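# Residue-level structural notes
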Amino acid sequence: MRNRTWIAAVLALAIGVPAAARAHQPNDTARDRHEIRHDRRGLRHDRRDVRSDRRDIHQDGRERRQDLRQGDTTAARQETRDIRHNRRDLRSDRRDRRSDRRDIRQDRRDLRQDRRDSSQRDSTKAP
């Protein structure tokens, strides 16, 4: 008798817990909207970073020209390194923007598909 009760409890947990976990999961539409908001936020941050990197590149270029006019080649070399570093950051930010735009497009497609699927599912239920 005790084994049957124990087996019944394990089966109830095995069947009930995954069903309860699925019930608390957001649906695909809500998840896609959240991902779109997240990707758009990332895109805004990447745009800001690109502007900042461009500004830094221009500033370092001015400082390098000034150092060269003054004959300070060591400082000019350091500015050149800074420019290279900022250009590397700029390329990385551009890649991030491209990736975020691609993610937004895909999430919008998914959102449209989920809406289309849910409307078709609703229309098949109606008599």
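Bear in mind that the values here come from a model prediction, so they are computed numbers and not experimental data.

## Structural notes on the overall build of the chain
- Each helix and strand in the chain was counted, giving three helices and zero strands.
- Listing each helix as α and each strand as β along the chain from the N terminus yields α-α-α.
- At a minimum sequence separation of 6, the contacts of the chain that also span at least 24 residues come to 76%.
- Summed over its atoms, the accessible surface of the chain is roughly 10300 Å², and 48% of this surface lies on carbon and sulfur atoms.

## Notes on helix α2 (residues 28-70)
- Across its 43 residues, α2 extends 62 Å between first and last C-alpha, which sits within 8% of the 63 Å expected from 1.5 Å per residue.
- G71 lies just past α2 and shows a positive phi near 85°.

## Things to note about the environment of R65
- Among the secondary structure elements, R65 is positioned in helix α2.
- Overall, R65 belongs to the partly exposed group, its relative accessible area being 46%.
- With 14 residues separating them in the primary sequence, R65 and E79 have C-alpha atoms 9.3 Å apart.

## Considerations on the side chain of E79
- Along the chain, E79 turns up in helix α3 (residues 73-125).
- Buried and without a salt bridge, E79 has R64 as its closest oppositely charged side chain, separated by 7.6 Å.

## Re the environment of R77
- Residue placement: R77 occurs in helix α3.
- Under the relative-accessibility criterion, R77 is labelled partly exposed at 47%.
- R77 sits 13 residues away from R64 along the chain, and the two C-alpha atoms are 7.8 Å apart.

## What to know about the pattern of salt bridges
- In total, this model carries one salt bridge according to the counting rule given.
- D49 is the partner of R48 in a salt bridge, and the nearest nitrogen-oxygen pair spans 3.8 Å.
- With relative accessibility at 44%, the residue R48 sits in the partly exposed group.
- By relative accessible area, D49 is classed as partly exposed at 28%.

## Here's the deal with the confidence of the model for the chain
- Per-chain confidence: the chain averages 83 in pLDDT, with 80% of residues scoring 70 or above.
- The lowest-confidence element of the chain is helix α1 (residues 2-23), averaging 65 in pLDDT; the highest-confidence one is α2, averaging 91.

## Here's the deal with the side chain of D46
- As for its placement among the helices and strands, D46 is situated in helix α2.
- Within the buried set, D46 has no salt-bridge partner at all; the shortest N-O distance to an opposite charge, 6.6 Å, is to R97.
- In contact with D46, not counting residues within four places along its chain, are D93, D96, R97 and D100.

## Regarding the environment of R101
- Tracing the chain through its elements places R101 in helix α3.
- Take R101: its relative accessible area is 35%, and that puts it in the partly exposed class.
- Separated by 59 residues in the primary sequence, R101 and G42 place their C-alpha atoms 9.6 Å from one another.

The rules behind these values
Residues numbered from 1 in each chain as written. Predicted model: local features only at pLDDT ≥ 70, side-chain atom pairs only at ≥ 80, totals over all residues. Heavy atoms only, no water. Helix = DSSP H or I, 4+ residues; strand = E, 2+ residues; numbered from the N terminus. Contact = heavy atoms within 4.5 Å. Areas by Shrake-Rupley, 256 points an atom, 1.4 Å probe, with all protein chains shown as cover. Expected span 1.5 Å × (residues − 1). Buried < 20%, exposed > 50% of the residue type's maximum accessible area, 1.4 Å probe, protein only. Lys, Arg positive; Asp, Glu negative; His and termini not counted. Salt bridge = Lys/Arg side-chain N within 4 Å of Asp/Glu carboxyl O. pLDDT = per-residue confidence, 0-100.

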